[in-house]
Amino acid sequence: MNLVRTTFCIAMLAIPLSIHAQSNAPRMDEPSVLRPAGYKARYPASKPAIDRGRQLFNDTQLSTNGRACASCHVDASSFGAGFKQPYPHAAMNSKARFGVDTMNLDEVIQVCMKGPMRSVPLEWGSPELTDMTTYLLKVQSSGTM
Ligand code: HEC
């Protein structure tokens, strides 16, 4: 009987915890969507970085909903008309949502990580964000995936 009661109590505790984990509210330790102060953007093009970025772009593990970036972005035109303009540029309703006139490429990646990927932004300066940004700069300049 005690075991049943204990199991029930643990289950009741777990429900709000799992609802919290699924919510899209920012975590205290979550990286910001916008570049942190003093961030040094360094995305030198190299074939290994571009190849790793392409792999991440196709990786469903990056999301919590089974999507990869490539689920929505199937070719260079799928990023919207603004993507062709050099960064930073006005994007993703940035003024209303983030209070900024323009966004950098690494920042719009973070918007898609949080929104459509239902995940958290990548760590600033991480190999993942660096490779992904390097890959998308290549897509932007070449017009091909
Ligand atoms: C559920 C669909 C979906 C997924 C998944 C998704 N995106 Fe997006 N993305 C969008 C939409 C919608 C836009 C806005 C397009 C527009 O402005 O017309 C966008 C815009 C962009 C832009 C261009 C922003 C600009 O105007 O300069 C980039 C770059 C981008 N996404 C990268 C990514 C990356 C990287 C991932 C994976 C981490 C990703 N997206 C995942 C839907 C998605």
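Above this text is the structure in question.
Along each chain, the written sequence defines residue order, and numbers are assigned to residues from 1. Local features in this predicted model are restricted to residues of pLDDT 70 or higher, and side-chain atom pairs are both shown and tallied only at a pLDDT of 80 or more, whereas totals for entire chains, interfaces and linings draw on every residue. Water and hydrogen atoms were dropped before computing side-chain values, which therefore reflect all heavy atoms in the structure.

J.: Mind showing me how you'd approach the coordination of the iron atom of the ligand here?
T.: Octahedral metals with six donors have ideal donor angles of 90 or 180 degrees. Tetrahedral metals with four donors have an ideal donor angle of 109.5 degrees. Coordinating donors are taken as N, O and S atoms within 2.8 Å of the metal, stretched to 3.2 Å for Na, K and Ca; because water is absent from the atoms, sites can appear incomplete. Only His73 (NE2) and Cys112 (SG) from the protein reach the iron atom of the ligand as donors, at distances of 2.0 to 2.3 Å. Geometry at the iron atom of the ligand is octahedral, judged from the six donor atoms that bind it and their angles of 87 to 178 degrees at the metal. Note that His73 is positioned in the loop between helix 3 (69–72) and helix 4 (94–98) and Cys112 in helix 5 (residues 105–114), a separation of 39 residues in sequence. Only protein chains enter the calculation, and the probe is 1.4 Å; a residue is then buried if its accessible area is under 20% of its type maximum, exposed if over 50%, and partly exposed in between. Residue Cys112 is classed as partly exposed on the basis of its relative accessible area of 23%. A four-donor site is classed as tetrahedral when every donor-metal-donor angle falls between 85 and 135 degrees; four donors are called square planar, and six octahedral, when trans pairs exceed 155 degrees and all remaining angles lie between 65 and 115, with any other arrangement labelled irregular. Helix numbers and strand numbers start at the N terminus; a helix is a DSSP run of H or I with at least 4 residues, a strand a run of E with at least 2.

J.: When you look at the environment of Val100 in this model, what are you seeing that I'm missing?
T.: Along the chain, the position of Val100 falls in the loop between helix 4 and helix 5. Residue classification places Val100 among the partly exposed positions, given a relative accessible area of 24%. Spatially, the C-alpha atoms of Val100 and Leu34 are 9.3 Å apart, while their sequence positions differ by 66 residues. Discounting residues that sit within four places of it in the chain, Val100 has contacts with Leu34, Ser94 and Lys95. Residue contacts follow a heavy-atom distance rule, with two residues in contact if any of their heavy atoms lie within 4.5 Å.

J.: Just checking my understanding: could you explain the packing of aromatic side chains for this structure?
T.: Given two aromatic rings, one states the distance between the centres and the angle between the planes to describe the pair. Here the aromatic set is Phe, Tyr and Trp, taking the six-membered ring for Trp, and pairing holds for ring centres within 6.5 Å; pairs whose planes are under 30 degrees apart are stacked, those over 60 apart are edge-to-face, and all others are tilted. Here the structure, examined in full by the defined rule, presents five aromatic pairs. Measuring from ring centre to ring centre gives 4.9 Å for Tyr39 and Trp124, while their planes differ by 70 degrees; the resulting arrangement is edge-to-face. With Tyr39 in the loop between helix 1 (2–22) and helix 2 (47–57) and Trp124 in the loop between helix 5 and helix 6 (127–142), this residue pair connects regions lying 85 residues apart in the sequence. Of the two residues, Tyr39 and Trp124, neither departs from the other in class, the shared state being buried. Put simply, the rings of Phe57, Phe79, Phe83, Tyr87 and Tyr135 pair up and form one aromatic cluster.

J.: Honestly, the pattern of salt bridges in this entry has me stumped. Any pointers?
T.: Once their charged atoms are close, side chains differing in charge can pair, the charge on each being opposite to the other. By definition here, a salt bridge exists when the distance from a side-chain nitrogen of Lys or Arg to a carboxyl oxygen of Asp or Glu is within 4 Å. Enumeration over the complete set of coordinates arrives at six salt bridges. The salt bridge involving Lys114 is made with Glu30; its shortest N-O contact spans 2.6 Å. Of this pair, Lys114 sits in helix 5 while Glu30 sits in the loop between helix 1 and helix 2, placing them 84 residues apart in sequence. Overall, Lys114 belongs to the buried group, its relative accessible area being 18%. The exposure class of Glu30 is buried, given its relative accessible area of 14%. With a closest N to O distance of 3.0 Å, Asp106 and Arg35 form a salt bridge. Of this pair, Asp106 sits in helix 5 while Arg35 sits in the loop between helix 1 and helix 2, placing them 71 residues apart in sequence.

J.: What am I meant to see in the nonpolar core here?
T.: The nonpolar side chains of a soluble globular protein tend to be buried, and buried together. Counting 25 residues, the largest nonpolar core has Met132 and Leu136 as the members making the most contacts within it. What Leu136 contacts, discounting residues up to four positions off in sequence, is Phe57, Phe79, Phe83, Leu105 and Ile109. To form a nonpolar core, buried Ala, Val, Leu, Ile, Met, Phe, Trp, Tyr and Cys residues must be joined to one another through side-chain atoms within 4.5 Å.

J.: It is not clear to me how the site of the ligand should be interpreted in this structure. Could you clarify?
T.: The environment of the ligand is formed by 21 residues, the closest being Cys69, Cys72, His73, Tyr87 and Cys112. Any pair of N or O atoms that falls within 3.5 Å is considered a polar contact. Within protein, one atom must be able to donate a hydrogen and the other to accept it, and sequence-neighbouring residues count only if both atoms are side-chain atoms. A distance of 2.5 Å separates an oxygen atom of the ligand from a polar side-chain atom of Tyr87. In the environment of the ligand, an oxygen atom lies 2.7 Å from a nitrogen or oxygen atom belonging to the side chain of His89. Residue assignment for the shell around the ligand shows that the elements contributing at least two residues are helix 3 and helix 5. Examining the composition of the shell around the ligand, we find that five residues originate from one element, helix 5, more than from any other. Here the residues of the shell around the ligand are counted per class, giving 17 nonpolar, three polar and one charged. We define proximity as follows: a residue is near a molecule or strand when any one of its heavy atoms falls within 4 Å of that partner. Side-chain classes are defined by residue name, with Ala, Val, Leu, Ile, Met, Phe, Trp, Tyr, Cys and Pro counting as nonpolar, Asp, Glu, Lys and Arg as charged, and the others, Gly among them, as polar.

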